[in-house]
Amino acid sequence: MKKKAALHNLGCKVNAYETEAMGQLLENAGYEIVPFEPGADVYVINTCTVTNIADRKSRQMLHKARKMNPQAIVVATGCYVQTAQEPVEDDPAIDIVLGNNCKKDLIEAIRYFEEMRQPALPEKIDINKTKEYENFFVPKMQDHTRAHIKVQDGCNQFCSYCIIPYARGRVRSRAMEDVIKEATALAGNGCREVVLTGIHLSSYGVDQGTSLLELIRAVHQVEGICRIRLGSLEPGIITEEFAEALGELPKLCPHFHLSLQSGCTSTLKRMNRRYTAEEFEEKCRILRQVFDRPAITTDVIAGFPGETEEEFETTYDFLSRIRLYETHIFKYSRRHGTRAASMPDQVPEQVKGQRSDRLIALGEKNRRLFEQQYAGELTEVLFEEKTVIEGKEYYTGYNKQYIKLAVPADGDYENVLIQGRIAKEVAPHLFLLEQEKY
């Protein structure tokens, strides 16, 4: 019988891609991939460290794996492994430790453990000094019709609140020919939509003399790929020339995640963000000038050190005015080793919670305003999966603006593009598509 392996991912889309890649390494080595439940022979947990909560969840999942099968091999990898204050190799729940840029060694590490019944030395390189891009090849996605393609790793920005540069190292870009090879393979296996993602996607190519725009144009030429989305972008990359160039690419979805973090310029300065609130607003104007009602989403931190009531209200008013599609709200999480952790005037948790609640409510209002402007319009949806709503089966998917839509499951619509009009809401932020043609 095949040995069984279960993987669990925490964190960002880059982590999700790497977890998918490790799953395929295990499959190629003869393992059967099974759900993260009792009964597996190997458990791989790809950890996250972006917040204190992520650290805690990472530890919890590692200990859960050990409890599910005390005889299994438990592998800890990822960002929490790379930056944990207490060395994870001292945790008795963990058998194998693989830091970032060492995930490619997964199979070798498991085989060594099986032969020796003891782990090799923990694999954790000095991630801040490497120039190596850890290259994976993921020609197919398990249970997904939309594929994330990792094209970049690392970050040189050092925002004062962020631990990720210490976990991921400096900017390293994937060779363009490798990206195209993977996109071509995905298309050949039926994938119709890809998302280009990275730790700091806007920096793609700075270490290779190329650019993100050149990469997007190259992926646009891949036959079989119908849609291209982009991961999180820095506002600075949005110029009129860049936006106009994207506007000439019909496969490019008008869905842009621009990282904001605060709508108050003085707060942005303390965060070491390299733009003002006014400049961010100008980037939104450029995108809206080139694209018809693009979906612009963002992240905002509530309760950053030193954020006064006046600064918070400035952010609230800013978000009220620019009306983004989705706003992901995070309460500031103090990260050991970052400059913000030692800043004065740390905001009390209760105040963070109150501010977060207000921003979440505002984000919900803005999201509904965005969705309402598309009511009754003709759109095209790529359907992804089947779900049950109030006892009825539907297929759900997204249009190019990332509005979620549904059709009754009276046929097999997985990975099928369907045109129709946006009709009534059948669940929160899920709209019925009245079909016009297949």
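Residues numbered from 1 in each chain as written. Predicted model: local features only at pLDDT ≥ 70, side-chain atom pairs only at ≥ 80, totals over all residues. Heavy atoms only, no water.

## Quick word on the nonpolar core
Item 1. Counting residues in hydrophobic clusters, the biggest one holds 69 residues, and the most contacted among them are Y161, V194, L196, L233, L246 and F280.
Item 2. What L246 contacts, discounting residues up to four positions off in sequence, is L213, I216, L230, L252, F256 and F291. (Core = buried A, V, L, I, M, F, W, Y, C linked by side-chain atoms within 4.5 Å. Buried < 20%, exposed > 50% of the residue type's maximum accessible area, 1.4 Å probe, protein only. Contact = heavy atoms within 4.5 Å.)

## With respect to unusual backbone geometry
Item 1. Non-glycine residue R293 carries a positive phi angle of around 50 degrees.
Item 2. Within the secondary structure, R293 sits in the loop between α10 (277-290) and β11 (295-302). (Helix = DSSP H or I, 4+ residues; strand = E, 2+ residues; numbered from the N terminus.)

## Section: the sheet that holds strand β8 (residues 193-198)
Item 1. One open sheet accounts for 4 strands, arranged β7-β6-β8-β9; its pairing is mixed. The sheet is open, and its two borders are formed by β7 (172-173) and β9 (227-230), each paired with just one other strand.
Item 2. Alignment of strand β6 (residues 146-153) against β7, held across 2 bridges, turns out to be antiparallel. Note that in β7 the partner of Q152 across the bridge is S173.
Item 3. Its contacts with the sheet put helix α6 (residues 176-188) on β6 and β8, and the angle it makes with β6 is roughly 170 degrees. (Pairing = 2+ DSSP bridges. Axes fitted to C-alpha atoms, helices over the stretch in contact; angles between N-to-C directions.)

## Considerations on helix α7 (residues 212-220)
In an α-helix there are 3.6 residues to a turn, and that puts residues three or four apart on one side.
Item 1. Within α7, 7 of the 9 residues are buried, which leaves it mostly tucked inside the rest of the structure.
Item 2. For α7, the full list of buried residues reads L212, L213, L215, I216, A218, V219 and H220.
Item 3. Contact partners of the buried residues in α7: β6, α6, β8, β9 and α8 (240-247).

## A few points about the sheet that holds strand β12 (residues 326-331)
Within a sheet, adjacent strands bond to each other through the backbone by hydrogen bonds, running parallel or antiparallel.
Item 1. On the basis of which strands lie adjacent, the open sheet formed by 3 strands has the order β10-β11-β12 and parallel pairing. At either margin of the open sheet sits one strand with a lone partner, and together these are β10 (255-257) and β12. The sheet shows a mean angle of 15 degrees between the axes of neighbouring strands, taken without regard to direction.
Item 2. Inspection of the sheet shows β11 paired to β12 by 6 bridges, in the parallel sense.

## Here we look at the packing of α6 against α7
Helix-helix packing: each pair is described by the crossing angle between the helix axes and the interaxial distance.
Item 1. Direction vectors running N to C along α6 and α7 enclose 30 degrees, while the axes themselves pass 10 Å from each other. Considered as vectors, α6 and α7 are oriented roughly parallel to each other. α7 is crossed by α6, and the crossing has right-handed handedness. Contacts from M176, V179 and I180 of α6 reach α7 at E214, L215, A218 and V219.
Item 2. Considering only residue class, the contact of α6 with α7 consists of 6 nonpolar, no polar and 1 charged. (Parallel < 35°, antiparallel > 145°, perpendicular 65-115°, else oblique. Left-handed = near helix turned anticlockwise from the far one by under 90°. Nonpolar A, V, L, I, M, F, W, Y, C, P; charged D, E, K, R; others polar.)

## Let's talk about the packing of α8 against α10
Item 1. Relative orientation of the contacting elements α8 and α10 amounts to 30 degrees, with a least axis distance of 9 Å. As summarised for this structure, α8 and α10 are arranged roughly parallel, according to the angle between their axes. Pair α8 / α10 crosses with right-handed handedness. Across from E240, A243, E244 and G247 in α8, the residues of α10 making contact are R285, I286, L287, Q289 and V290.

No statement about biological role is implied by the geometric values presented.
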